[in-house]
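# Observations on chain architecture
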Amino acid sequence: MLRIAVQKSGRLSEDSFRLIKECGIHFNNGVGKLKASSHNFPMEFLLLRDDDIPGYVADGVADIGIVGLNVVEEKEKDLDIVVKLGFSKCRLSLAIPRNEEYAGIKMLEGKSIATSYPKILGSYLKKNNISSDIHEISGSVEIAPSIGLADAVCDIVSSGSTLLSNGLKEVETIFTSEAVLVGHKGLGAEKKKLLDQLLFRIRSVQNGSNNKYILLNAPNHKIEEIANLLPGMRSPTVLPLATEGWSSIHSVINEDRFWEIIEKLKEAGAEGILVVPIEKMIL
């Protein structure tokens, strides 16, 4: 049985369980339950606070865990970062009152900064030779300047709307984060085998979400030109159409280059382009 620690509620929890379900692992956690088991994969779930997950994994109570990289960095536990998961992306940023002029990081010398991440912030300030008073608080960091608790804040930012609504502006990004799968360093052979099976499924889901399946029609004299734009996993699939002199070309495009390649395909004479999402892709 592979025991995994997952945040019990919030956005990271939703994204984590969505990934697990896309990996074909079924479970029923029920309302208010803090432990659950899968009925089709040897996995047990521990539903915890995100701050507690690195400690549970480092101590071997859980074998693996899904948590934000920012939490891993802050807790400084001896863990293996098994794989970056690509969701729940955010950044840890410094912010000051919106009506203040920002003159660079040096302006925070001698100032008070409120944060829930004193270790990450302390390391950043030390690296930049800044001496500030770090005021550690566990929540509602963004209200600190307005109540006179601090001159600036260092907090997690996704869209920045929370900072704006509290009269703050983001001025420096000091750390970028996303969800990661962490592992206990002392996993035995059997659990490593289960972890490898899980990683195979995760990578198949990731490959699918990062690529699109594309189908298009093209005149035969344009096949070579279009095929050179569509390498796919090995090479494009070319099938003859009922209309003489025309073929259907099938391939895979990476999401990052999708629109760039689509434009080139149109210029090369492609017609009737269809784009289909990929659920999973096994390489």
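Residues numbered from 1 in each chain as written. Predicted model: local features only at pLDDT ≥ 70, side-chain atom pairs only at ≥ 80, totals over all residues. Heavy atoms only, no water.

Bringing the side chain of N70 into the picture now. Positionally, N70 belongs in helix α3 (residues 69-75). Here the side chain of N70 touches S177 through a polar contact of 2.9 Å, side chain to side chain. Every residue in contact with N70, bar those within four places of it in the chain, is listed here: Y117, I120, I156, F175 and S177. (Helix = DSSP H or I, 4+ residues; strand = E, 2+ residues; numbered from the N terminus. Polar contact = N/O pair within 3.5 Å; in protein donor to acceptor, adjacent residues only side chain to side chain. Contact = heavy atoms within 4.5 Å.)

Once that is clear, we can look at the layout of surface pockets. There is about 950 Å³ of room inside the largest pocket. Ranked by residue count, the leading element in the lining of the largest pocket is α3, at four residues. Estimates place the volume of the second largest pocket at around 310 Å³. Along the walls of the second largest pocket sit 13 residues, with E22, L85, F87, V205 and S209 positioned nearest its centre. If you list the elements that add at least two residues to the lining of the second largest pocket, you get α1 (11-22) and α6 (189-209). (1 Å grid on protein atoms, 1.4 Å probe; cavity = no way out; pocket = protein on both sides within 12 Å on 5 of 7 lines; lining within 4 Å. Points joined across faces, edges and corners; volume = space filled by probe spheres on them.)

In this section: the packing of aromatic side chains. Tallying each qualifying case throughout the model produces four aromatic pairs. With a centroid separation of 4.9 Å and 40 degrees between ring planes, the pair formed by F17 and F27 is classed as tilted. With a gap of ten residues between them, F17 in helix α1 and F27 in the loop between α1 and β2 (35-37) connect regions that are remote in the sequence. In this pair, the class of F17 matches that of F27, namely buried. A centroid spacing of 4.6 Å and a plane angle of 40 degrees characterise the contact between F27 and F45, whose relative ring orientation is tilted. Remark: F45 occurs in strand β3 (residues 43-48) and F27 occurs in the loop between α1 and β2; sequence separation between them is 18 residues. By relative accessible area, F45 is classed as buried at 0%. Counting every residue linked through ring pairs, the aromatic cluster contains F17, F27 and F45. (Phe/Tyr/Trp six-rings, centres within 6.5 Å; stacked < 30°, edge-to-face > 60°. Buried < 20%, exposed > 50% of the residue type's maximum accessible area, 1.4 Å probe, protein only.)

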